[in-house]
Structures are given as C-alpha cells and as structure tokens.
Amino acid sequence: MTSNNSPNPIQQGLRIAIGATASAVETIQDRERLNQKITELTRDLQARSEIWAQKGALTEDEAKKMIEDFFNQKNNVPKSSNTKPSGGSTPSSQDLRSLTQEVINLREELNKLNSKSSEN
C-alpha cells in the first residue's frame, strides 16, 4: 500500500509535466518574463559552456598524456634476442613486403628440398 503523503512516481511525473507546461505558458504570455528567462538561460548556458570547455581541455590533455605514456612504455620494452631490431617502433610496409617475399622464397626452397628428398 502506498502512503497518502508521498505520490507514486507516475503521479509525480504528471504533476511535474503539468507544472512545467503551466510555467511555460505563463512565461510565453508575459513578454518581460520571457525575455528574463531567455537571458537567464543564455547566461547559464555560457557559464556551463566555459566549465565544459575547461573540463574538455583537461580531458584532452589527459588523453594525450596517456597515449604518449603508452607509446613510451611500448618503445622501452626490451626486445627478445631472436628478433631483428628495427629502426622504428613499427615495421614499415616496405619491411613487411620484404619479409613476406623472404618467407615465400624460403617456402619455395623448402618445397624444392622436399621434392628432391622424395625422389631419392
């Protein structure tokens, strides 16, 4: 059972909608009040915009720092002894093409050796 002191959420939502509509109608009917509300809203929006811009700048700086830290950590990871050290942190497309060609050549050579050994 619900208490008479606290309205249920649907009733509360309906009262809020009716109150907001009544306030909007009153504001629209009174030109001076309408101008005052528009001025207040504009001022609030400008204040919030400044706060959001400051927060955005801080977040942008934090994001840049996180990315830089990530790449610095990646570059500082010691490479294993069986890998070929590269000049940059990531292989270039030319490096990838060269390695791919080398794998193809090795595969062909292996196939030739396998075919020679099966002939004997």
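Just so we're clear, the structure is a prediction, and the values are computed from it rather than from any experiment.

Criteria and thresholds
Residues numbered from 1 in each chain as written. Predicted model: local features only at pLDDT ≥ 70, side-chain atom pairs only at ≥ 80, totals over all residues. Heavy atoms only, no water. Helix = DSSP H or I, 4+ residues; strand = E, 2+ residues; numbered from the N terminus. Buried < 20%, exposed > 50% of the residue type's maximum accessible area, 1.4 Å probe, protein only. Areas by Shrake-Rupley, 256 points an atom, 1.4 Å probe, with all protein chains shown as cover. Salt bridge = Lys/Arg side-chain N within 4 Å of Asp/Glu carboxyl O. Polar contact = N/O pair within 3.5 Å; in protein donor to acceptor, adjacent residues only side chain to side chain. Axes fitted to C-alpha atoms, helices over the stretch in contact; angles between N-to-C directions. Parallel < 35°, antiparallel > 145°, perpendicular 65-115°, else oblique. Contact = heavy atoms within 4.5 Å. Nonpolar A, V, L, I, M, F, W, Y, C, P; charged D, E, K, R; others polar. Patch = residues over 30% accessible without salt bridge, like charges linked within 9 Å, V, L, I, M, F, W, Y side chains within 5 Å. Phe/Tyr/Trp six-rings, centres within 6.5 Å; stacked < 30°, edge-to-face > 60°.

It is worth spelling out the overall build of the chain at this point. Looking only at helices and strands, the chain features three helices and zero strands. Listing every helix and strand of the chain by position from the N terminus yields α-α-α. Per-residue burial for the chain yields a buried fraction of 2% across its 120 residues. Summed over all atoms, the accessible surface of the chain reaches about 11,400 Å², with 56% contributed by carbon and sulfur.

Side chains that differ in charge, positive against negative, can pair when their charged atoms come close. Per the stated rule, a full pass over the model turns up three salt bridges. Between Arg 33 and Glu 26 there is a salt bridge, and its shortest N-O distance comes to 3.5 Å. Overall, the relative accessible area of 32% leaves Arg 33 in the partly exposed class. Among the residues examined, Glu 26 registers a relative accessible area of 41% and is labelled partly exposed. Close ionic contact of Lys 65 with Asp 69 constitutes a salt bridge, the shortest N to O distance being 3.1 Å. Here Asp 69 and Lys 65 lie together in helix α2 (residues 31–76), a separation of four residues that amounts to about one turn. Relative accessible area serves as the criterion here: at 49%, Lys 65 is assigned to the partly exposed category. Here Asp 69 falls in the partly exposed class, since its relative accessible area comes to 32%.

Time to look at the side chain of Thr 27. Within the secondary structure, Thr 27 sits in helix α1 (residues 9–29). Only 2.8 Å separates the side chain of Thr 27 from the backbone oxygen of Ser 23, close enough to count as a polar contact.

Contact geometry for α1 and α2: axes closest at 5 Å, N-to-C directions at 110°. Here α2 runs roughly perpendicular to α1, going by the angle between their axes. In this structure, α1 contributes Glu 26, Thr 27 and Gln 29 to the contact, and α2 contributes Arg 31, Arg 33, Leu 34 and Lys 37. Of the residues assigned to the contact of α1 with α2, the class counts are one nonpolar, two polar and four charged.

A grouping of Leu 45, Ile 51 and Trp 52 is seen on the molecular surface, where their side chains present a nonpolar patch of about 350 Å² in accessible area. Along the polypeptide, Ile 51 turns up in helix α2.

Attention now moves to the packing of aromatic side chains. Taken as a whole and judged by the stated rule, the model has one aromatic pair. Between Phe 70 and Phe 71, the ring centres sit 5.3 Å apart and the planes meet at 75°, which makes this aromatic pair edge-to-face. The partly exposed category is assigned to Phe 71, whose relative accessible area is 43%.

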